[in-house]
Amino acid sequence: MTQDELKQAVAKAAFDYVESKLEDDMILGVGTGSTANFFIEELGKISDRLEGTVASSEETARRLKSHNIPVFDLNSAGQIAIYVDGADESNAHLQLIKGGGAALTREKILAAASKEFVCIADASKMVGVLGEFPLPVEIIPMARSYVGREIVKLGGDPVYREGCVTDNGNHILDVYNLDILDPRQLERDLNQITGVVTNGLFAQRGADILLLGTADGVETRRAEPLS
């Protein structure tokens, strides 16, 4: 199977999972990225049965609306029942790196506001140790140089993502050369740097379920306990 076929398979599995739990007044959170886009296409099949969604980016909101799916502001939606989104990397504990599409802050907010976080990814995203994918950090623009120097002290190699402005009006540093052995601690350390909005480690609040597309089909994984 091609990578797109794997993404389509996990998107269909996520749709089936959501449909099996669908109730009146249920609000869904929908992520950003190529795998999430396949999920949006599936959701379009039941747009008339959905109470509404909350989007993690302006692009996702546009796609949802193009399928006649209602989009709410999180402040008026309340708690989200299920949040479905992809990942750039996942480990066995379902701690993630996200933010390749620069939507990490809104994605992290939706994950925190959701009862259940369902991650959808193809097998190439599963890793033993997080960090081969550069870790995105959203920053206030005026703090870029300062934050970069502080990240170097933590052992990372930050690179400014040229031409990228987030939906929140901020910039992104992509941090290379990290072996993230303690994702929760690094997530906290990065967020303590003045000028950081948030970072792309989803470790404090990782996924509850990972639907992983493999050559043998879609596997359903739950987090291995931390030692």
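Since we're looking at a predicted model, the values are computed, not measured. (Residues numbered from 1 in each chain as written. Predicted model: local features only at pLDDT ≥ 70, side-chain atom pairs only at ≥ 80, totals over all residues. Heavy atoms only, no water.)

(A) Representation of helix 2 (residues 34-43) in the model. For helix 2, a buried count of eight out of ten residues is recorded, marking the element as mostly surrounded by other parts of the structure. Of the residues making up helix 2, those classed as buried are Thr35, Ala36, Asn37, Phe38, Phe39, Ile40, Glu42 and Leu43. On the buried face of helix 2, the contacting elements are helix 1 (3-21), strand 1 (27-30), helix 3 (58-66), strand 3 (80-85) and strand 6 (114-122). (Buried < 20%, exposed > 50% of the residue type's maximum accessible area, 1.4 Å probe, protein only. Helix = DSSP H or I, 4+ residues; strand = E, 2+ residues; numbered from the N terminus. Contact = heavy atoms within 4.5 Å.)

(B) Broad picture of helix 3. Thr60, Ala61 and Leu64 are the residues of helix 3 that are buried. Taken down its axis, helix 3 places every buried residue within 100° of arc, on the same side. On its buried face, helix 3 sits against strand 1, helix 2 and strand 2 (52-55). The first or second residue beyond helix 3 is asparagine 68, which carries a positive phi of 60°. (Arc of directions from axis to C-beta.)

(C) Main features of the packing of aromatic side chains. For the structure on display, the rule yields two aromatic pairs. Through a chain of ring-to-ring contacts, the aromatic side chains of Tyr83, Phe117 and Phe202 assemble into a single cluster. The ring of phenylalanine 202 is capped by lysine 98, whose NZ or CZ atom sits 5.6 Å from the centre of that ring. The lysine or arginine in question, arginine 144, covers the ring of tyrosine 160, its NZ or CZ lying 4.1 Å from the ring centre. (Phe/Tyr/Trp six-rings, centres within 6.5 Å; stacked < 30°, edge-to-face > 60°. Lys NZ or Arg CZ within 6 Å of the ring centre and 35° of its normal.)

(D) Spotlight on empty space enclosed by the protein. Taken as a whole, this structure holds two cavities of 30 Å³ or more when the rule is applied. Within this model, the largest cavity holds a volume of roughly 40 Å³. Along the walls of the largest cavity sit Ser56, Ala102, Ala103, Leu104, Thr105, Arg106, Glu138, Thr166, Asp167 and Asn168, which together make up its complete lining. Top element by residues in the lining of the largest cavity is helix 5 (residues 104-112). It accounts for three residues. In terms of residue class, the lining of the largest cavity is built from three nonpolar, four polar and three charged. One number sums up the size of the second largest cavity: a volume of about 30 Å³. (1 Å grid on protein atoms, 1.4 Å probe; cavity = no way out; pocket = protein on both sides within 12 Å on 5 of 7 lines; lining within 4 Å. Points joined across faces, edges and corners; volume = space filled by probe spheres on them. Nonpolar A, V, L, I, M, F, W, Y, C, P; charged D, E, K, R; others polar.)

(E) How the structure looks around the pattern of salt bridges. Taken as a whole and judged by the stated rule, the model has 15 salt bridges. Measuring nitrogen to oxygen at the nearest pair gives 3.0 Å for the salt bridge that ties arginine 49 to glutamate 19. Of this pair, arginine 49 sits in the loop between helix 2 and strand 2 while glutamate 19 sits in helix 1, placing them 30 residues apart in sequence. For arginine 63, the salt bridge goes to glutamate 59, with nearest N and O atoms at 3.0 Å. Of the two residues, arginine 63 and glutamate 59 both sit in helix 3, four residues apart, roughly one turn of that helix. When salt bridges that share partners are traced, they join Glu59, Arg62 and Arg63 into one network. (Salt bridge = Lys/Arg side-chain N within 4 Å of Asp/Glu carboxyl O.)

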